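The primary structure of each chain is shown beneath.
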Amino acid sequence: MTRLIADTHLHLYPCYDFAAAISALATNLPRHGEGVRAGFFAERRDCHAFAAIREGSLALAPGPRSFRPLAEPGAVVLLESGVPAVYLFAGRQIVTSERIEVLALTVDLDIVEGLPAATVVDAVLEAGGVPVLGWSPGKWWFARGALIRSLLDGRRRGDILLGDTALRPAGAPEPSLMREARRRGIPVVAGTDPLPFAGEERLLGTYATVMEGPFDADRPLESARRLLRAGGPAPAGIRSSWPAAARRWLRNARGGRA
């Protein structure tokens, strides 16, 4: 059995210091214990950092860290002195017509935004990806909360996951949908979900998910998909305090201006 320690909601926005972002991920994930480390991209439609890393057009300066594309198209590994340090997996973040976020983990899915959530979930599953309904302030209430519950009810366990993020303030009550999902054995995975302004890149890997199960280093992407769907993940790390979360939300609303 292997422990997979993963940030399941990564962004690498153009405004980030790329080297600092990769350093943060490689430094923060080991703080959650021993195991295989990974990062799952959930990129906006206008961002293509994973593809640029895989193609070699986005690279680190010469040094002990480097990237190596793997045989599976949606996988890259960050090496430290030639040794695998962090596996990176492709993924997309898609905003639906109901204004909820669906993460398409492990696939670089080309799909327009503004489609119904059920349609997006079906497209992710058809592409072989893992759909995650991501928490966001206020977006799991009322009609949208009922929609998420209906999506969970209409699929087999493990077909759809829920996603927690470091933006949900520490100490805040766990959303009722997350509590219900845990009772039903529906996986709830955690990730940082950094915001699109400079400095957020240093948070990568601070909030993560720990999963246990078989992991094949020759087929890391398929192994990661199985572990995500298997259930039983546990969160690791820290979320923002109430004041820090408020500052981050406010700065994001101002377009990144402090």
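Taken as a whole and judged by the stated rule, the model has six aromatic pairs. Residues F18 and F67 carry aromatic rings whose centres are separated by 6.1 Å and whose planes lie at 35 degrees to one another, so their mutual orientation is tilted. Of the two residues, F18 sits in helix α1 (residues 18-28) while F67 sits in strand β3 (residues 65-69), which places them 49 residues apart along the sequence. Given a relative accessible area of 16%, F67 falls into the buried group.

On to the environment of D110, then. Structurally, the position occupied by D110 is in the loop between β7 (101-105) and α3 (117-126). Separated by 73 residues in the primary sequence, D110 and R37 place their C-alpha atoms 27 Å from one another. Within the structure, D110 has its side chain in polar contact with the side chain of R45 (distance 3.0 Å).

What follows covers the sheet that holds β7. With mixed pairing, the five strands of this open sheet are ordered in space as β6-β7-β8-β9-β10. Strand pairing shows two members of the sheet lacking a second neighbour, β6 (91-95) and β10 (188-191), which therefore form its edges. On average, each strand axis in the sheet is inclined to that of its neighbour by 30 degrees, with strand direction left out of account. Both strand β9 (residues 161-165) and β10 contribute to a ladder of four bridges, which runs parallel. When the bridges of β10 are listed, L162 appears paired with V188. Against the sheet, α3 engages β6, β7 and β8 (130-134), with an angle of about 145 degrees to β8. Packed on one face of the sheet, helix α6 (residues 220-230) meets β7, β8, β9 and β10 and runs near 50 degrees to β8.

Cut-offs and rules
- Residues numbered from 1 in each chain as written.
- Predicted model: local features only at pLDDT ≥ 70, side-chain atom pairs only at ≥ 80, totals over all residues.
- Heavy atoms only, no water.
- Phe/Tyr/Trp six-rings, centres within 6.5 Å; stacked < 30°, edge-to-face > 60°.
- Helix = DSSP H or I, 4+ residues; strand = E, 2+ residues; numbered from the N terminus.
- Buried < 20%, exposed > 50% of the residue type's maximum accessible area, 1.4 Å probe, protein only.
- Polar contact = N/O pair within 3.5 Å; in protein donor to acceptor, adjacent residues only side chain to side chain.
- Pairing = 2+ DSSP bridges.
- Axes fitted to C-alpha atoms, helices over the stretch in contact; angles between N-to-C directions.
- Contact = heavy atoms within 4.5 Å.

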